[in-house]
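# Secondary and tertiary structure notes
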Amino acid sequence: MAMLGKRRPPRQHSGHSGLARSAPAVPASKPSVLDEAVGADSVTIERLAHDGRGVAHLASGKTVFVDHALPGEQGVIAVHRNRKRYDEAHLKSVTHASTQRTTPICEHFGHCGGCDLQHLAVTAQRDHKRQVIKELFARQGITVDVPIELLAGESDAYRRRARLGVKVDGDGRVLLGFRARHSHRLVDIKGCPVLVPPLQALLAPLREHLERLQAPRYIGHIELIATAETSMVVVRQLREHLHDKACWERFAAEHGVVLGTWLGRETPELHWHGAPPHLVDRLGEVALSFQPGDFLQVNAEVNRQMVATVSEWLAGEPGQCVLDLFAGIGNFSLPLAAQGAHVHAVEGSAAMVERLQANASANRLDVSAEQVDLSQLQAVEALLCHSGEANSAPGARPVVERDGGSHGAWNGSWNSSWNRAWNSVVVDPPRSGAESVCRALSRRPPPRVVYVSCDPATLARDAAQLVHAGYRIARMAVADMFVHTAHMETLVLFEHSG
Ligand SMILES: C[S@@+](CC[C@H](N)C(=O)[O-])C[C@H]1O[C@@H](n2cnc3c(N)ncnc32)[C@H](O)[C@@H]1O
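This one's a predicted model, so the numbers in the text were calculated from it and none came from an experiment.

Conventions we followed
- Residues numbered from 1 in each chain as written.
- Predicted model: local features only at pLDDT ≥ 70, side-chain atom pairs only at ≥ 80, totals over all residues.
- Pairing = 2+ DSSP bridges.
- Helix = DSSP H or I, 4+ residues; strand = E, 2+ residues; numbered from the N terminus.
- Axes fitted to C-alpha atoms, helices over the stretch in contact; angles between N-to-C directions.
- Parallel < 35°, antiparallel > 145°, perpendicular 65-115°, else oblique.
- Left-handed = near helix turned anticlockwise from the far one by under 90°.
- Contact = placed C-beta atoms within 7 Å.
- Nonpolar A, V, L, I, M, F, W, Y, C, P; charged D, E, K, R; others polar.
- Near = placed C-beta within 6 Å.
- Buried ≥ 20, exposed ≤ 12 C-beta atoms within 10 Å, placed from the backbone.

Spatial ordering of the open sheet is given by 10-9-8-11-12-13-14, a layout of seven strands whose pairing is mixed. A strand with exactly one partner marks an edge of an open sheet, and here the two such strands are strand 10 (186-188) and strand 14 (269-272). Each adjacent strand pair in this sheet contributes to an overall mean axis angle of 30°, direction not counted. Looking at chain direction, strand 11 (residues 219-226) and strand 12 (residues 231-237) are connected through six bridges and run antiparallel. Within strand 12, the position partnered with L224 by the bridge is V233.

Rendered as structure tokens:
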């Protein structure tokens, strides 16, 4: 019978297996995908792959991707996975280290899948990201001939939101941490130097607290969120447990954090312990209220710079019409409206549309919003098409016919007085990109499109559609939102002369 909610007594452990902070030249890698090592070889690393692994060739000529190895380095590798066209390996030793190799800032580097570029100097990480975007565009036949600007903040203590897994292992020990690279295995972490200080300070007490619970198996994960005013712990609680509920409440009171619980297995509901908090993200004069579950950019400083960059790129005469696609809670819509644009925001989540509308009214800004599935080409085309008749001059005020619902969902018919001669369109999709949106933008090009991307490969794919439709790249920036990881945000301003 399953022992859900019951704990075995923990066994004694010899200690955490995390690597000690090593000298820069000593490789800190071990395979996180634990196939048997099937061979060892001496190689020279030729370049970095887009995911941050070193690329080399074996004596046989086969390509090998080497974890945590840097261009120019020579060393002995152990292959831990054979694939048909390439192998995957880790470093056993480095005989010649790169001058760009540096000491990782985290004791869990090499085990935790969270940050896998910590062995590379931060300036070199940023150069690599710029190179990645150029290469991906080149593969699509696009030459980037504008300078790639850099938006960057602190290289540690930057992350204001994180989701930590909780697991009770076979020995009854409670693990709290992140997944290992390419694996579902949870790496038990003691600290995480990329979290903002108020969240870092919660990790040790959280671990102690989890040990005191009677049913830690009822917890799926814990989300930590910090705003300028408050820190919040949101527990994904699969089943209620009264003893543990009281423990959590004591924990929240002791550490001065807001406590929320997503309760239930299939369709969890959010419960607050105490009055629902007023959670706010501030962008200059604009205040954006949000709730757990809403999209929130993880790096507040880099997000501030991204919003400032989009606002600067789209600055123009007041009264411009801007369509903000994949708008979330209004991260770009509200600041653009604050500089005088009429903004229509479109987002797929009904809850976020509702929040966006509330944010617009609370800030007294000219933003309308609606819920649309932007993967549907027809729906996007309807958003972009001109009425062609009345009010066709740019600057006319958009009017949407509502279906009477609280979030203004599209009812399938547009009010003919809504002029959709958009001056600019902002596109900020999830990692899968914006294929349908770009197809529609190719057919009905507005003068300016700003594409904000969290996946350079789908960005390059979508950019190819736009460039083939006559857009030119006017500005480009890489935003180092996720320092020490191979992830990046990219902003591109496309212009079309019509
Ligand atoms: C990367 S977030 C950007 C949110 C916002 N622009 C910001 O900066 O905070 C992508 C957003 O796209 C929304 N989204 C995902 N798939 C969608 C779809 N098919 N149609 C409309 N919106 C979608 C998500 O809910 C999320 O809010």
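Moving on to the sheet that holds strand 17 (residues 321-325). Taken together, eight strands build an open sheet; the order of strands is 7-22-23-21-20-17-18-19 and the sheet is mixed. A strand with exactly one partner marks an edge of an open sheet, and here the two such strands are strand 7 (148-151) and strand 19 (367-371). Within this sheet the neighbouring strands show an average axis-to-axis angle of 15°, counted without direction.

It is worth spelling out the packing of helix 1 (residues 122-139) against helix 9 (residues 456-468) at this point. At their nearest, the axes of helix 1 and helix 9 sit 9 Å apart, and the two run at 40° to each other. Judged by the inter-axis angle, helix 1 sits oblique to helix 9. Crossing hand, helix 1 versus helix 9: right-handed. Mapping the contact onto sequence places V132, I133, L136, F137 and R139 in helix 1 and P456, A457, A460 and A463 in helix 9. Partitioning the contact of helix 1 with helix 9 into residue classes produces eight nonpolar, no polar and one charged.

Bringing the packing of helix 8 (residues 435-443) against helix 9 into the picture now. Remark: helix 8 packs on helix 9, axes separated minimally by 9 Å, with the N-to-C direction vectors making an angle of 10°. When the axes of helix 8 and helix 9 are compared, the pair comes out roughly parallel. Of the residues in helix 9, those in contact with E435, C438, R439, L441 and S442 of helix 8 are D462, Q465 and L466. Partitioned by chemical class, the residues of the contact of helix 8 with helix 9 number three nonpolar, two polar and three charged.

Bringing the environment of L199 into the picture now. Secondary-structure assignment places L199 in helix 2 (residues 197-212). Distance from L199 to L238, taken between C-alpha atoms, is 23 Å for residues 39 residues apart in sequence.

To continue, consider the site of the ligand. Close to the ligand lie 18 residues, the nearest being F326, G328, N331, G348 and L374. Across the shell around the ligand, the residue classes break down as nine nonpolar, six polar and three charged.

Attention now moves to unusual backbone geometry. For A157, which is not a glycine, the phi torsion comes out positive at approximately 50°. One can find A157 in the loop between strand 7 and strand 8 (161-168). Despite not being glycine, H484 has its phi angle at roughly 75°, a positive value. Topologically, H484 is positioned in the loop between strand 22 (472-479) and strand 23 (489-495). Look at H484 and you get buried, because 25 C-beta atoms sit within 10 Å.

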